[in-house]
Structures are given as structure tokens and as C-alpha cells.
Amino acid sequence: VMGGMGVQFVLLDRPKLFIAMIPIGVYNYSHIMNFPRGERRAIGASSFALSSALEPNQQDWFGPYAEARLKCIFLKNYEFLFFYQYHRPSMRSKSKQAVVTANELFSLSAIYKARSATKQLGGFEFRYHGAAGWNFGTHFEGSAAWSHKAHYLSKTRREPYTLAPIVTTTSVDERASIHWVCYEVSISLGYQF
């Protein structure tokens with residue numbers, strides 16, 4: 001979900017070439033859910049451990065960003081769009097997993113939080129507009145987000161397999177860092193009425 005506002009400044013307007021710069025201010029909220037599948041097995045000298053995800057990993061990214069677009073249209077049918085975005089989002093990632101050993105059951109809840117991360121995104125778009133209304137194009141973007149001032153909060157619940165189980169809970173609050181890289185490529189085909 002996002003909302004923004006921009007203004008188009010025409011730099012060049014000729015019969016066969018049009019160039020414009022478009023600065024935009026945006027506020028963005030995105031929610032991502034990853035569904036880890038399968039189990040991870042670790043075998044030691046005297047025992048084993050089996051871990052599995054109990055819930056999907058959930059991430060929330062929200063905050064303002066600024067974007068600059070350079071739009072070029074030539075020969076009336078070919079359109080290029082170059083764009084760059086600078087984000088300052090807050091980020092929160094939650095996950096929950098269980099670890100089973102020969103003697104104990106562990107459940108681990110973890111949260112990564114960053115109040116002010118840095119994200120940069122850049123890319124381009126090409127589109128061909130046909131005379132009959134058909135158009136096709138391609139879109140590419142790459143982004144990286146990072147924060148060296150993040151926090152890792154975790155809560156571990158330990159339950160041994162004994163006749164009278166004693167449940168122990170421990171909490172951890174540590175400094176952490178986040179690094180997230182994403183690429184996107186798409187091809188489109190459309191018709192304009």
C-alpha cells in the first residue's frame with residue numbers, strides 16, 4: 001500500500017523526442033510472508049536435533065521515500081523510464097520455530113527490528129506502444145536494504161522430557177544488522193482503449 005505525489009517537469013519537447021523529469025514523494029507500507037518448508041536436521045556426537053518452522057516468517061516495511069524518474073519518449077512509440085528511489089523505512093521481522101532433541105523440546109520466537117533502515121532501489125522500464133493500441137514492455141529493478149542499528153529480540157521456551165517437566169523461558173535482546181537484496185524482472189503485454 002502506498003500513496004505519493006509527483007510533478008512532471010518537461011526538459012525537452014520535440015516532435016520525435018520528449019524528455020521529462022518527475023520527482024515524487026511517497027509513503028509506503030508492505031507486508032511480506034515467507035512460508036519455510038521442510039525440516040532441518042543436525043547430528044552431533046551423542047544426539048540429534050530436528051528444527052521446523054511453526055509459523056510463516058512475517059516482515060513489515062513502512063516509511064517514506066523519495067523517487068526520481070527520467071521519462072524519454074522517442075518516435076512517439078518507444079518509451080524509456082529510468083528511476084531511482086531512496087527509502088528510510090522501519091522494519092520488523094517475526095518468526096517462530098521448534099527444535100526437538102532426544103531430551104528436550106525448544107520453541108523459539110524471534111523478532112528483528114530496525115527503526116530507520118536504508119534502502120536504495122534503481123531500475124528501468126521499456127515500453128513499445130503500437131498504433132493499433134497494443135503495447136508490450138519489460139521492467140527491471142534491483143534494491144538493497146540494510147541497517148547496522150537493528151535489534152534481535154528472542155524468547156526461548158525449554159521443556160525437558162521428564163516425568164515432571166520443568167519449563168524454562170529465557171529472553172535475549174541483542175544488537176543486530178540487516179541486509180536484504182531483491183531483484184525483479186517482468187514482461188508485460190497490454191492493450192490501451
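Our subject is the structure that appears above.
Anyway, here's the lowdown on the structure attached to this text. The structure displayed is predicted, hence computed values, not measured ones.

A closer look at the nonpolar core
Across soluble globular proteins, you tend to see nonpolar side chains buried next to one another. Among the nonpolar cores identified, the biggest contains nine residues, and these are Trp 61, Met 91, Ala 110, Ala 114, Ala 145, Ala 150, Tyr 152, Ala 176 and Ile 178. Of all the secondary-structure elements, those providing two or more residues to this core are strand E9 (104-114), strand E11 (134-160) and strand E12 (168-191). Looking at this core element by element, the count peaks at three residues for E11. In this structure Ala 114 touches Pro 89, Ser 90, Met 91, Ser 147, Ala 150 and Ile 178, once residues within four positions along its chain are discounted.

Here's the deal with the environment of Ile 32
With respect to the helices and strands, the residue Ile 32 is situated in strand E3 (residues 17-34). A residue is classified by how much of its surface remains accessible, and Ile 32, at 27% relative accessible area, is partly exposed. Taking C-alpha positions, Ile 32 is 9.7 Å from Pro 56, a pair spaced 24 residues apart along the chain. Contacts of Ile 32, omitting those with residues within four sequence positions, involve Asn 57, Gln 58, Gln 59 and Trp 61.

Some thoughts on the side chain of Ser 154
If you trace the backbone, Ser 154 turns up in strand E11. For Ser 154, a relative accessible area of 9% translates into the label buried. Filtering out sequence-adjacent residues up to four positions away, Ser 154 remains in contact with Leu 108, Ser 109, Ala 110, Thr 170, Ser 171 and Val 172.

Parameters at a glance
- Residues numbered from 1 in each chain as written.
- Predicted model: local features only at pLDDT ≥ 70, side-chain atom pairs only at ≥ 80, totals over all residues.
- Heavy atoms only, no water.
- Core = buried A, V, L, I, M, F, W, Y, C linked by side-chain atoms within 4.5 Å.
- Buried < 20%, exposed > 50% of the residue type's maximum accessible area, 1.4 Å probe, protein only.
- Helix = DSSP H or I, 4+ residues; strand = E, 2+ residues; numbered from the N terminus.
- Contact = heavy atoms within 4.5 Å.

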